[in-house]
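Structural overview
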Amino acid sequence: MQKININAFLKQFNKEYDFLYNARGDVAGYDEAVDFFDEFLKNHSDFVGEFAMLRGDMITSDREAAAFSFALVAMGAI
């Protein structure tokens, strides 16, 4: 994974989360994004922890996990 500006990542995460929250019906790649987050967490818990501290909240829902993964892709981090 390339180095990511955590503040820019938070902004992208919020955009992705808002999109998922307001989506009508299924979102392509949603289930895969949730599964990816679970695997990403195993190898990059430091980044996920830093993000959680900045955000003031842990990633606890599938929607948050998918938004996190989609934000990684949007920022070209993976």
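Residues numbered from 1 in each chain as written. Predicted model: local features only at pLDDT ≥ 70, side-chain atom pairs only at ≥ 80, totals over all residues. Heavy atoms only, no water.

A few points about a negative patch on the surface
There is a patch of like negative charges on the surface, built from D26, D31, E32, D35, D38 and D62. The element that contributes the greatest number of residues to the negative patch is helix α2 (residues 30–43), accounting for four residues. With respect to the helices and strands, E32 occurs in helix α2. (Patch = residues over 30% accessible without salt bridge, like charges linked within 9 Å, V, L, I, M, F, W, Y side chains within 5 Å. Areas by Shrake-Rupley, 256 points an atom, 1.4 Å probe, with all protein chains shown as cover. Salt bridge = Lys/Arg side-chain N within 4 Å of Asp/Glu carboxyl O. Lys, Arg positive; Asp, Glu negative; His and termini not counted. Charge placed at Lys NZ, Arg CZ, Asp CG, Glu CD. Helix = DSSP H or I, 4+ residues; strand = E, 2+ residues; numbered from the N terminus.)

So, the environment of F19
Inspection of the secondary structure puts F19 in helix α1 (residues 6–22). A relative accessible area of 49% places F19 in the partly exposed class. Sequence-wise, F19 and A67 are 48 residues apart; in three dimensions their C-alpha atoms are separated by 8.6 Å. (Buried < 20%, exposed > 50% of the residue type's maximum accessible area, 1.4 Å probe, protein only.)

Quick word on the packing of aromatic side chains
Between two aromatic rings, the relevant description is the distance of the centres plus the angle of the planes. Applying the stated criterion across every chain, the model contains eleven aromatic pairs. Geometrically, the ring pair formed by F9 and F47 is edge-to-face, given 5.3 Å between the ring centres and 70° between the ring planes. With F9 in helix α1 and F47 in helix α3 (residues 45–55), this residue pair connects regions lying 38 residues apart in the sequence. The buried category is assigned to F47, whose relative accessible area is 8%. Consider the rings of F51 and F68, whose centres lie 5.4 Å apart with planes at 75°: the pair is edge-to-face. (Phe/Tyr/Trp six-rings, centres within 6.5 Å; stacked < 30°, edge-to-face > 60°.)

Details of the nonpolar core
Core analysis: the largest hydrophobic core is formed by 23 residues, its most contacted members being F9, F13, F47, F51, I59, F68 and L72. Discounting chain neighbours no more than four positions away, the residues touching F9 are I4, F47, F51, F68, A71, L72 and M75. (Core = buried A, V, L, I, M, F, W, Y, C linked by side-chain atoms within 4.5 Å. Contact = heavy atoms within 4.5 Å.)

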